[in-house]
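Inside the fold
So the chains spell out like this:
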Amino acid sequence: MPRFSRFALALAAAVATTMMVPIVAQALPTTELLGKHGPVVPLKNAAMLTQSKWGYRYYAGQQDSRLTVRMVDRKLLYVDAGTKELRKIPKTCERKSVKRGVAALCKVPARWHGGKAMFLEIWPRLGDDFVDTSALPARFRSWVLADAGRDVVRTGAGNDFVNGAQDADRVSGGSGNDWLRTGLGNDEIYGGAGNDKLVGVDGSDRIHAGAGSDFVGCGNGRDRAMVDRADRSWKCESVARY
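For the structure given in this document, a descriptive report is provided here. What you are looking at is a predicted structure, and each value in this text was computed from that prediction instead of being measured.

On to the pattern of salt bridges, then. Evaluated as defined, the whole model comprises four salt bridges. A salt bridge links E85 to R87, with the nearest nitrogen and oxygen atoms 3.5 Å apart. Residue classification places E85 among the partly exposed residues on the basis of a relative accessible area of 38%. Residue classification places R87 among the partly exposed positions, given a relative accessible area of 39%. Notably, a salt bridge pairs R170 with E188, separated by 2.9 Å at the nearest N-O pair. Taken as a pair, R170 in strand β13 (residues 170–172) and E188 in strand β15 (residues 188–190) lie far apart in primary sequence, 18 residues in all. Take R170: its relative accessible area is 39%, and that puts it in the partly exposed class.

Here we take up the sheet that holds strand β4 (residues 75–80). Within the open sheet, the 11 strands sit side by side as β6-β7-β4-β3-β9-β11-β13-β15-β17-β19-β21. Their pairing is mixed. Every interior strand has two partners, whereas the edge strands, β6 (93–95) and β21 (238–241), have only one. The sheet shows a mean angle of 10° between the axes of neighbouring strands, direction not considered. Summarising the sheet, strand β9 (residues 130–132) and strand β11 (residues 152–154) pair through three bridges and their orientation is parallel. When the bridges of β11 are listed, F130 appears paired with V152.

Moving on, we get to unusual backbone geometry. Unusually for a residue other than glycine, D167 sits at a positive phi of about 65°. For D167, the location among the structural elements is in the loop between β12 (161–163) and β13. Using a relative accessible area of 33% as the deciding quantity, one classes D167 as partly exposed. The backbone phi angle of K235 is positive, close to 55°, even though this residue is not glycine. Accessibility expressed as a relative area gives 42% for K235, which makes it partly exposed.

Hydrogen bonding along the main chain pairs the strands of a sheet, whether they run parallel or antiparallel. Reading across the sheet, the 10 strands line up as β5-β1-β2-β8-β10-β12-β14-β16-β18-β20 and stay open at both edges, with mixed pairing between neighbours. Looking at which strands have only one partner, the edges of the open sheet turn out to be β5 (85–88) and β20 (232–234). Taking the axes of each pair of neighbouring strands and ignoring which way they run, one obtains an average angle of 15° across the sheet. Taken together, the six bridges between strand β1 (residues 46–52) and strand β2 (residues 55–60) define a ladder with antiparallel strand orientation. Considered in β2, the bridge of Q51 is made with Y56.

What counts and what doesn't
Residues numbered from 1 in each chain as written. Predicted model: local features only at pLDDT ≥ 70, side-chain atom pairs only at ≥ 80, totals over all residues. Heavy atoms only, no water. Salt bridge = Lys/Arg side-chain N within 4 Å of Asp/Glu carboxyl O. Buried < 20%, exposed > 50% of the residue type's maximum accessible area, 1.4 Å probe, protein only. Helix = DSSP H or I, 4+ residues; strand = E, 2+ residues; numbered from the N terminus. Pairing = 2+ DSSP bridges. Axes fitted to C-alpha atoms, helices over the stretch in contact; angles between N-to-C directions.

Right under this line is the structure:
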């Protein structure tokens, strides 16, 4: 079994063990979150953009990031209006001047030509972060690992993954088959179109399944789910069907 598949299964098992929610794993890439990967890099008011074998990875620090990623002339344009310094970019990217914050325009390397799925990993750390990849086509799969802070995440047409972690977050999926998971706090999750897996953990969450055949797992707290006849719900105190 490929390494990324083993990781996806392990991650799904960990979530299911914590919440007792039967989640089907999606294939996600292995990253430096696993194993030894060197010292922690301080990124106060700064960010870094690197290239991995899965695609691009964007790290942000303790600030309130305001990141959007979209296509411009067949390239990926990263603009973070909440960050003062972009410390590092790969050779496939070039810095761009913007009125506020930092920006980089990145080529899509040849290995992802022809419609092959490319992962865009985004790791904001502390702060009330905003991440928007909603304009991206389905060939790009966003993987957003949020941290502490009241975060807002909007994903695009790909099969995306979001982990909201701590505090009250608002997560919206696009038209892909997404796995959207929040954490501590009173969160809001919007599935959009596609066959999604939507998981709340603690707090009084609001989960809107949207179109598609979705699974909604509510977890602890007094939760409210809005689903249609094609959806399944688990451990939701209030379920409204439309």
